[in-house]
Amino acid sequence: MITPNDIATKDFKKVAVGYSPEEVDTFLDDIYEDYEKLYKESLRERTKVETVAEDTDRLKHLEKSIERTLSFAESAAEETKAAAKAEAEAIIKEAKQQAQDILSTARTKSYELEQEITALENRYELMKTRIKLLLYAEIELLDKGEILAEKEANAQETK
């Protein structure tokens, strides 16, 4: 690429028949000024393009990193969700088993208490019957004792 300095330092051969050196020099000076402006502008634009390219590369890298992070977060969320669901199911299963165990224990205890109540009721009835029999026997003895006492009293009176 031709630089502005190349234009400024360019020398042409002088020939007898040709263009006017003053006009050529003036034209070259105009071209030099315009070309220098364009050249500097081109350098600034190239710097901007390089900066934009670097920013684009950095943003692409950042985008990939964010995508990986998002993917990891989604995966972790799914794993956490699955683990929480499994734990909840295990807790529910354990709670149901505990409830079944409590019910079974309660039923067994209830049956045992019913058997104990039945045994106590039977014992009560037996004791009640024994006491009645004992009381009847005592009354009978008392009745016999009175009868005997009357007989003895009558026998002593007759003597």
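Just so it is clear, the model here is predicted, and its values are computed rather than measured. (Residues numbered from 1 in each chain as written. Predicted model: local features only at pLDDT ≥ 70, side-chain atom pairs only at ≥ 80, totals over all residues. Heavy atoms only, no water.)

(A) Focus on the overall build of the protein chain. On a plain count of helices and strands, the protein chain comes out with two helices and zero strands. Taken over the C-alpha trace, the protein chain has a radius of gyration of 63 Å; the compact-globule value for 159 residues is 15 Å, which it surpasses by more than 25%. In terms of overall dimensions, the protein chain has C-alpha extents of about 205 × 20 × 15 Å along its principal axes. In the protein chain, which comprises 159 residues, the proportion classed as buried is 2%. (Helix = DSSP H or I, 4+ residues; strand = E, 2+ residues; numbered from the N terminus. Rg over C-alpha atoms; globule rule 2.2 N^0.38 Å. Buried < 20%, exposed > 50% of the residue type's maximum accessible area, 1.4 Å probe, protein only.)

(B) Expanded view of a nonpolar patch on the surface. Residues Leu-59, Leu-62 and Ile-66 make up a contiguous nonpolar surface patch of roughly 290 Å² in combined accessible area. Here Leu-62 lies in helix 2 (residues 21-158). Overall, Leu-62 belongs to the partly exposed group, its relative accessible area being 44%. (Patch = residues over 30% accessible without salt bridge, like charges linked within 9 Å, V, L, I, M, F, W, Y side chains within 5 Å. Areas by Shrake-Rupley, 256 points an atom, 1.4 Å probe, with all protein chains shown as cover. Salt bridge = Lys/Arg side-chain N within 4 Å of Asp/Glu carboxyl O.)

(C) Focus on the environment of Glu-33. Assignment of secondary structure puts Glu-33 in helix 2. For the pair Glu-33 and Ile-7, spaced 26 residues apart in sequence, the C-alpha to C-alpha distance is 9.7 Å.

(D) Quick look at the environment of Thr-118. Looking at the element boundaries, Thr-118 is found in helix 2. Taking the relative accessible area as the measure of exposure, Thr-118 reaches 37% and is therefore partly exposed. With 53 residues separating them in the primary sequence, Thr-118 and Ser-65 have C-alpha atoms 78 Å apart.

(E) Main features of the pattern of salt bridges. The full count for this structure, using the stated rule, is five salt bridges. With its nearest N and O atoms 3.7 Å apart, the salt bridge here joins Lys-48 to Glu-45. Linking Lys-48 with Glu-45, this pair stays in helix 2, spanning three residues, or about one helical turn. For Glu-45, a relative accessible area of 37% corresponds to the partly exposed category. The shortest N-O distance in the salt bridge between Arg-58 and Asp-55 comes to 3.0 Å. Within this pair, Arg-58 and its partner Asp-55 are both found in helix 2, separated by three residues, close to a single helical turn. In this structure Arg-58 comes out as exposed when scored by relative accessible area, which is 51%.

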